[in-house]
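The chain contents come next:
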Amino acid sequence: MDLDLVINVIEENGYMGLFFWLWFGIFIIPVPNEVLLMTVGLASSMGSLDPYLAFLVSYLGISTAFTSIYLVGRIIGRRLLRFLEKRKRFADTIESSMKMMDKYHAFSLFLSCFVPGARNLVPLLYGFSRLSFKTFAVFAYSGAFIWVLTVYMIGYLFGDKMDAIMKYNKEMWLLVIIAAAAAAGIFVFKKKKMKNEGIESALGTESGIYQERQQK
């Protein structure tokens, strides 16, 4: 991605232009989202953009794109899926996205942000399946925040090494996904443990009350 292109977009259209560029770019620009965001991060590190405003606009643009995909899924999901399933490239991604959804359920919205292809299809599939917008928002927007922040900061700190970053792009995101999945597993384990301890405590209390009554 040409750095001058990002700067020109801002100069000609302001930050609103960057917002719409990121919003619609996820659909029409044949460039990985990571490259777009890293380029914005690089431009910010060079002083061409305000770092905080550039990040905020980037996050809002990506979040709006995810929301649009979710709404498209709710409105024309069935017809669009039939169309995409006829194309092998999309069919394979749809299958892998469904496997992710079966394994992680709504948390797959969070994880999909880090997986090219899946980040576009998982919101679409959940829109089609009529997942509540509240649940969608919790997982999609939190995932988008972590993903955008991570990619933006990589561009901000290491944007001058873009070629090396893109060379090991798959390996890098694989590590991120593993870390996120491990964190999710720990969270679910602790939640179940707390729930079981609560049940055991309640049962112990009821047992004590029952024994007292028997003694009386």
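In short, a report on the structure. (Residues numbered from 1 in each chain as written. Predicted model: local features only at pLDDT ≥ 70, side-chain atom pairs only at ≥ 80, totals over all residues. Heavy atoms only, no water.)

**A closer look at the pattern of salt bridges**
Here is the rule: The term salt bridge refers to a pairing of a side-chain nitrogen on Lys or Arg with a carboxyl oxygen on Asp or Glu at a separation within 4 Å. Each helix corresponds to a stretch of at least 4 residues labelled H or I by DSSP, and each strand to a stretch of at least 2 residues labelled E; elements are numbered beginning at the N terminus. Relative accessibility decides the category of a residue: with a 1.4 Å probe and only protein chains considered, values under 20% of the type maximum give buried, values over 50% give exposed, and everything between is partly exposed.
All chains considered together, the criterion is met by one salt bridge. In this structure, the salt-bridge partner of lysine 99 is glutamate 95, at a minimum N-O distance of 3.8 Å. Of this pair, lysine 99 and glutamate 95 both sit in helix H4 (residues 88–104), four residues apart, which is roughly one turn of the helix. Judged by relative accessible area, lysine 99 falls into the exposed class, the value being 54%.

**Here we look at the packing of aromatic side chains**
This is how it is decided: Note on aromatic contacts: the rings of Phe and Tyr and the six-membered ring of Trp form a pair at centre separations within 6.5 Å, being stacked when their planes are under 30 degrees apart, edge-to-face when over 60 apart, and tilted otherwise.
With the rule as written, the count across this model stands at 18 aromatic pairs. With a centroid separation of 5.6 Å and 85° between ring planes, the pair formed by tyrosine 59 and phenylalanine 145 is classed as edge-to-face. Of this pair, tyrosine 59 sits in helix H3 (residues 51–85) while phenylalanine 145 sits in helix H7 (residues 133–158), and the two are 86 residues apart along the sequence. We classify phenylalanine 145 as partly exposed; its relative accessible area is 34%.

**Describing H7**
Applied cut-off: Multiplying 1.5 Å by the residue count of a helix minus one yields the expected span of that helix.
Taking 1.5 Å per residue, 26 residues should reach 38 Å; H7 reaches 36 Å between its end C-alpha atoms and fits that length. Three or more residues of H7 are buried, namely Phe136, Ala137, Ala140, Gly143, Ala144, Trp147, Val148, Val151, Tyr152, Ile154 and Gly155.

**Considering the packing of H3 against H7**
Basically, it comes down to this: Where helices are involved, their axes are fitted lines through C-alpha atoms of the stretch in contact, as for all axes, and angles between N-to-C directions lie from 0 to 180°. Oblique is the label for any angle not under 35 degrees, not over 145, and not in the 65 to 115 range, which are roughly parallel, roughly antiparallel and roughly perpendicular in turn. Crossings are classed by handedness, with left-handed meaning an anticlockwise turn of the near helix from the far one by less than a right angle and right-handed meaning a clockwise turn. In this description, contact between two residues means that some pair of their heavy atoms is separated by no more than 4.5 Å.
Between H3 and H7, whose axes approach to 9 Å, the crossing angle comes to 140°. The angle between H3 and H7 places the two elements in the oblique class. For the element pair H3 and H7, the recorded crossing hand is right-handed. Taking contact as the criterion, the partners of Pro51, Ala54, Phe55, Ser58, Tyr59, Ile62, Ser63, Phe66, Thr67 and Tyr70 in H3 are, on H7, Phe133, Phe136, Ala140, Tyr141, Ala144, Phe145, Trp147, Val148, Leu149, Tyr152 and Tyr156.

**Considering the packing of helix H2 (residues 33–45) against H7**
For clarity, the cut-off: All amino acids are sorted into three groups, where Ala, Val, Leu, Ile, Met, Phe, Trp, Tyr, Cys and Pro are nonpolar, Asp, Glu, Lys and Arg are charged, and the leftover types, Gly among them, are polar.
Orientation of H2 relative to H7, taken along the N-to-C sense of each, is 55°, at an axis distance of 7 Å. Taken as axis vectors, H2 and H7 run oblique relative to one another. Crossing hand, H2 versus H7: right-handed. Residue-level inspection shows Asn33, Glu34, Leu37, Met38, Val40, Gly41, Leu42, Ser44 and Ser45 of H2 in contact with H7, the latter providing Trp147, Val148, Val151, Tyr152, Ile154, Gly155 and Tyr156. Residue classes in the contact of H2 with H7 are distributed as 10 nonpolar, five polar and one charged.

**Regarding H4**
Just so we agree on the cut-off: Of all possible arcs, the one meant is that of the directions from the helix axis to the C-beta atoms.
Here H4 spans 24 Å end to end across 17 residues, near enough to the 24 Å set by a 1.5 Å rise per residue. Residues Ile94, Ser97, Met100 and Met101 constitute the buried set of H4. Relative to the axis of H4, the buried residues are bounded by an arc of 125° and lie together on one face. Along H4, exposed side chains directed more than 90 degrees from the buried face belong to Lys88, Lys99, Asp102 and Lys103.

**Considerations on a positive patch on the surface**
Cut-off, in case you're wondering: Patch building starts from residues that exceed 30% relative accessible area and form no salt bridge, then joins like charges within 9 Å and nonpolar side chains (Val, Leu, Ile, Met, Phe, Trp, Tyr) within 5 Å. We get accessible surface area from the Shrake-Rupley algorithm with a probe of 1.4 Å; when it comes to residues, only the shown protein chains can shield them. Charge convention: Lys and Arg are scored as positive, Asp and Glu as negative, and His as well as the terminal groups of each chain are ignored. Just so you know, the charge point we use is NZ for Lys, CZ for Arg, CG for Asp and CD for Glu.
Taken together, the side chains of Arg78, Arg82, Lys86 and Arg87 define a basic patch exposed on the protein surface. Residue position: lysine 86 is located in the loop between H3 and H4. With relative accessibility at 70%, the residue lysine 86 sits in the exposed group.

**Describing unusual backbone geometry**
For histidine 105, which is not glycine, the phi dihedral falls at a positive 55°. Within the secondary structure layout, histidine 105 lies in the loop between H4 and helix H5 (107–112). The exposure class of histidine 105 is exposed, given its relative accessible area of 52%. Backbone geometry places arginine 130, a non-glycine residue, at a positive phi of 65°. For arginine 130, the location among the structural elements is in the loop between helix H6 (118–128) and H7.

**What to know about the nonpolar core**
What counts, and what does not: We define a nonpolar core as any set of buried Ala, Val, Leu, Ile, Met, Phe, Trp, Tyr and Cys residues linked to one another through side-chain atoms lying within 4.5 Å.
Counting residues in hydrophobic clusters, the biggest one holds 47 residues, and the most contacted among them are Leu18, Leu37, Phe66, Phe136, Trp147 and Val148. Broken down by secondary-structure element, the contributors of at least two residues to this core are helix H1 (3–28), H2, H3, H4, H5, H6 and H7. The leading source of residues in this core is H3, at 11 residues. With sequence-adjacent residues up to four places away left out, leucine 37 is seen in contact with Leu22, Ser58, Ile62, Trp147, Val148, Val151 and Tyr152.

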